[in-house]
Amino acid sequence: MAGRRLLLLALLVSAASLVAAGSSSSSSKYMRFDLLRREPASLAELWQMDRERMAFIAARRARGRRATETWTEKTAPAPAPASGDDSAFAMPLSSGAYTGTGQYFRAVPRGHAAQPFLLVADTGSDLTWVKCSRPAAAAADPYGLWTDPAAAPASPALGRAFRPEESRTWRPISCASDTCVESLPFSLAACPTPGSPCAYDYRYKDGSAARGTVGTDSATIALSGPPSSPSKAKLRGVVLGCTTSYTGDSFLASDGVLSLGYSNISFASRAASRFGGRFSYCLVDHLAPRNETSYLTFGPNPAVSPPPSPKPACHSSSSPPAAVPGSRTTPLLLDHRTHPFYAVTLNGVSVDGELLKIPRLVWDVERGGGTILDSGTSLTVLATPAYQAVTKALSSRLAGVPRVAMDPFDYCYNWTSPDTGEDLVDVPVPKLALHFAGASRMEPPPKSYVIDAAPGVKCIGLQEGEWPGVSVIGNILQQEHLWEFDLNNRRLRFKRSRCTH
C-alpha cells in the first residue's frame, strides 16, 4: 500500500528495492540508494550561499548561548545504550554541484513503490523535514501557514510529497509538548489548543522559508547482508517535519532536509542511538562525475574504528574504542556553545611544515572563536586572523605563478603554461595541514584548497570570516576523507579515503 508508512526514512523502502551492499561481516550490514544530480553551481554562487550560511551559523550560535541551561538539560541526545545494536546501515551521498548548490544530498525512498526523495544532508539542522501535500480543508490549517500568496505548495509537479494521513504510524506532536516548546527550533509560539499540532516556520538568511507541522513516525530499515538471511531494524519515534509550503529558491533542487545535527530530535541522533552511537560520512570530490557517490553510515565504521567488544557484566571501562591504523582521533565538542553543530579544537595550521602564527584565542570557543565541521558550507571559512596568516603563507609560496583577478576570491592564478597552453604541471602546491587536539593532523589534498575556478585558473579556495567569530571547515576541504562522529564517546575520527565501497 503506497504511502502507508513514512517518507524519508532511508528506511521506508520495500525490501525488493534494496541493493545489497556486500559485507564481509554479518555484523556490518547496510543499505544503499541511487542519487540524482543536476547542473553545477558556479563558485560565485557557492560563495554567496556560504555567506548566507555563515549568517545562519552565527544566529544559531547566539541562540545557543542564550539557552545554555535549557539545551544542556533538554535537548542533548541521550547516549546510545552500551548493549545497542552494532549493525550499521549506509546511505549514499551525492555532491550538490550538479543541483546548483554546494551541499551534499541523499535520496530516500518511501512507500511500497520506493519513491525517492532528494534531501540535503545537513550537519547544522535539528529537524528532518520533507515536502508534504497540503491539507484538503482550510480547517486543517489553524495557524494560517498557507495564506501567504507568495508561498508555493510543497508538493512539486512530479508529485513527490509525503502524505501523513496515509501513514498508520504517523503521530502529530502537540504544540504544548516539551518537544515543541523546548527542543524544536523555530516552532511557533501560538498554540490554539493543547491538542493542536506543533507548527514551525523555518526562516533562512536568503529569505527562504519552510512552514509545516511536526510529528513522529516509525521507520523500518532493511539491512543488507546474505540474501538467504535478510534482517530489518525499526526506528520508532523519528521526529519529522511535514512542510506544506515554502518560499524562496533554497528548496527548488531538493525535497527537504535530512538533519545530521547534534540534537535530541535530529535523525542523526535517533539513528545513531540505535546503531552504537555513531555515524559517519565520506564526501566525494564536489566535481566528481555524476556516477560517483559517497555514503552516510549509521553504526561503527570498521574503516576508522573497530566495533565495540562485548564485555562481561562485571567489567566496566570508560575508554572509547581505539582508532584503527591510519585513522586519526580528536575530541568532539558537543555543548550549548556550538549546538547543533559539531565543533573540534584546532590547535593550529601549518604550511609546508611551518606552524603559522595565529592567536590561540581564534580557536577558543570560550573566547569568541572555535571551529566547526559543516556539511552545508562549501568553501572553508577562517576567522580574519587565521585567514590572513594562511593566505599569506600560501600566496608567498605561489609568488612565481602569475596572478589574475577573479571574484569573489582574493588570490587567483593563471595556471596555464605560456609555452604549451596546457595546465602547469611542475608548480608544487604548498602543503596545508590542520592540527587538531590529540596530536591529530589533517592534510587535505591540494585540490581541496587550491581549487579549479575556471579553465586554466586556480584560486586559494578559502573565505575570510568575521572576527570574533567561528571558523568553519567546509565540505570541499572535507572531501575524500571519511569522518566518523562518535556521539557516545565524544570523538571525531577521520581518514583519507576515495569514498568508494
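In this text the structure is predicted, and so the values were computed from the model without any measurement.

Calculation notes
Residues numbered from 1 in each chain as written. Predicted model: local features only at pLDDT ≥ 70, side-chain atom pairs only at ≥ 80, totals over all residues. Heavy atoms only, no water. Helix = DSSP H or I, 4+ residues; strand = E, 2+ residues; numbered from the N terminus. Buried < 20%, exposed > 50% of the residue type's maximum accessible area, 1.4 Å probe, protein only. Areas by Shrake-Rupley, 256 points an atom, 1.4 Å probe, with all protein chains shown as cover. Pairing = 2+ DSSP bridges. Contact = heavy atoms within 4.5 Å. Axes fitted to C-alpha atoms, helices over the stretch in contact; angles between N-to-C directions. Expected span 1.5 Å × (residues − 1). Salt bridge = Lys/Arg side-chain N within 4 Å of Asp/Glu carboxyl O. Core = buried A, V, L, I, M, F, W, Y, C linked by side-chain atoms within 4.5 Å. Disulfide = S-S within 2.5 Å. pLDDT = per-residue confidence, 0-100.

S.K.: What is the right way to look at the overall build of the protein chain in this model?
M.R.: Scanning the protein chain from N- to C-terminus turns up six helices and 30 strands. Burial statistics for the protein chain: of 501 residues in total, 55% are counted as buried. Split by element, the accessible area of the protein chain, about 20,800 Å² in all, is 53% carbon and sulfur.

S.K.: Could you clarify how one ought to interpret unusual backbone geometry in this entry?
M.R.: Keep in mind that most residues, glycine aside, have a negative phi and that most peptide bonds are trans. Cis geometry is found at the peptide bond from His 339 to Pro 340, where omega equals 0 degrees. Note that Pro 340 resides in the loop between β15 (328–333) and β16 (342–344). Look at the link from Trp 467 to Pro 468: it is a cis peptide, with omega at 0 degrees. Take Pro 468: it is sitting in the loop between β27 (462–465) and β28 (471–473). Phi is positive for Glu 480, close to 60 degrees, though the residue is something other than glycine.

S.K.: Before we go on, may I ask you to explain the sheet that holds strand β17 (residues 346–351) in this structure?
M.R.: Note: strands within a sheet are paired through backbone hydrogen bonds, in either parallel or antiparallel orientation. Taken in spatial order, the four strands make up an open sheet running β18-β17-β23-β24, and their pairing is antiparallel. Every other strand in the sheet has two partners, leaving β18 (354–355) and β24 (440–442) as the edge strands with one partner each. Helix α5 (residues 384–397) contacts β17, β18 and β23 (432–436) of the sheet and is inclined by roughly 15 degrees relative to β17.

S.K.: What am I meant to see in α5 here?
M.R.: Residues spaced three or four apart along an α-helix point in a common direction, a consequence of the helix completing one turn every 3.6 residues. Taking 1.5 Å of rise per residue, 14 residues should cover 20 Å, and α5 covers 20 Å from first to last C-alpha, within 8% of that figure. Of the positions making up α5, those classed as buried are Thr 384, Pro 385, Ala 386, Tyr 387, Ala 389, Val 390, Thr 391, Ala 393, Leu 394 and Ser 395. Packing partners of the buried residues in α5 comprise β17, β20 (380–383), β22 (409–414), β23, β26 (457–460) and β27.

S.K.: Even after reading the chapter, I still don't get the pattern of salt bridges, so can you show me in this structure?
M.R.: In this structure the tally under the stated criterion is eleven salt bridges. Glu 480 is the partner of Lys 447 in a salt bridge, and the nearest nitrogen-oxygen pair spans 2.8 Å. Of this pair, Lys 447 sits in the loop between β24 and β25 (450–454) while Glu 480 sits in the loop between α6 (475–478) and β29 (481–486); the two residues are 33 residues apart in sequence, bridging distant segments of the chain. Since its relative accessible area comes to 34%, Lys 447 is described here as partly exposed.

S.K.: Help me out: how do you make sense of the nonpolar core in this one?
M.R.: Looking at soluble globular proteins, one finds that nonpolar side chains tend to be buried together. Core analysis: the largest hydrophobic core is formed by 65 residues, its most contacted members being Phe 279, Phe 298, Tyr 342, Val 349, Ile 358, Val 390 and Phe 485. Sorting elements by how many residues they give to this core places α5 first, with six residues. Among residues more than four places away in sequence, those in contact with Val 349 are Glu 354, Leu 355, Leu 356, Ile 358, Trp 363, Val 390, Leu 432, Ala 433, Leu 434 and His 435. With 14 residues, the next largest nonpolar core counts Leu 184, Cys 198, Val 239 and Val 257 among its residues.

S.K.: Explain the pairing of β22 to me, please; I cannot follow it from the model alone.
M.R.: Regular strands place side chains that alternate from one sheet face to the opposite one. Note: strand β21 (residues 403–406) against β22, three bridges, orientation antiparallel. Bridge pairing in β22 links Val 404 to Cys 412. With antiparallel pairing between neighbouring strands as the criterion, β21 and β22 make up a hairpin whose turn holds two residues. The pairing of β22 with β26 spans three bridges and is antiparallel. Paired with Tyr 413 across the two strands is Lys 458, which belongs to β26.

S.K.: Teacher, can you tell me more about the state of the cysteines here?
M.R.: Working definition: the covalent bond between the sulfur atoms of two cysteines is a disulfide. As enumerated under the stated definition, the model contains five disulfides in all. A disulfide bridge connects Cys 132 with Cys 242, and the sulfur atoms are separated by 2.2 Å. Of this pair, Cys 132 sits in the loop between β6 (128–131) and β7 (152–153) while Cys 242 sits in strand β11 (residues 231–247); the two residues are 110 residues apart in sequence, bridging distant segments of the chain. In terms of burial, Cys 132 and Cys 242 fall into one category: buried. What pairs with Cys 282 in a disulfide is Cys 499, and their sulfur atoms sit 2.1 Å apart.

S.K.: How do you make sense of the sheet that holds β25 when you look at a structure like this?
M.R.: A sheet is described by the order of its strands in space; here four strands give the open sequence β21-β22-β26-β25, paired in antiparallel fashion. Two strands in the sheet have a free side with no partner beyond their single neighbour: β21 and β25. For this sheet, the mean inter-axis angle between neighbouring strands, taken without regard to orientation, is 40 degrees. Helix-sheet contacts for α5 involve β22 and β26, and the interaxial angle to β22 is about 10 degrees.

S.K.: What exactly am I supposed to notice about the side chain of Thr 371 here?
M.R.: Structurally, Thr 371 can be placed in strand β19 (residues 371–373). Excluding anything up to four places from it in sequence, Thr 371 contacts Tyr 342, Ala 343, Val 344, Leu 346, Trp 363, Val 470, Ser 471 and Ile 473.

S.K.: I'm lost on the confidence of the model for the protein chain in this one. Help?
M.R.: Parts of the model with low pLDDT should not have their predicted coordinates read in detail. In the predicted model, the protein chain carries a mean pLDDT of 76, and the fraction of residues at 70 or more is 67%. Of the regions scoring below 50 in pLDDT, residues 94–115 engages in 127 contacts with residues more than four places distant in sequence or in other chains. Within the model, pLDDT remains below 50 along residues 312–317, and this stretch shows one contact once partners closer than five positions in the same chain are excluded.

S.K.: Help me understand the environment of Ala 176 in this model?
M.R.: Its place among the elements puts Ala 176 in the loop between β8 (171–172) and α3 (178–183). The residues touching Ala 176, leaving out its near neighbours within four places in the chain, are Val 181, Cys 191 and Pro 194.

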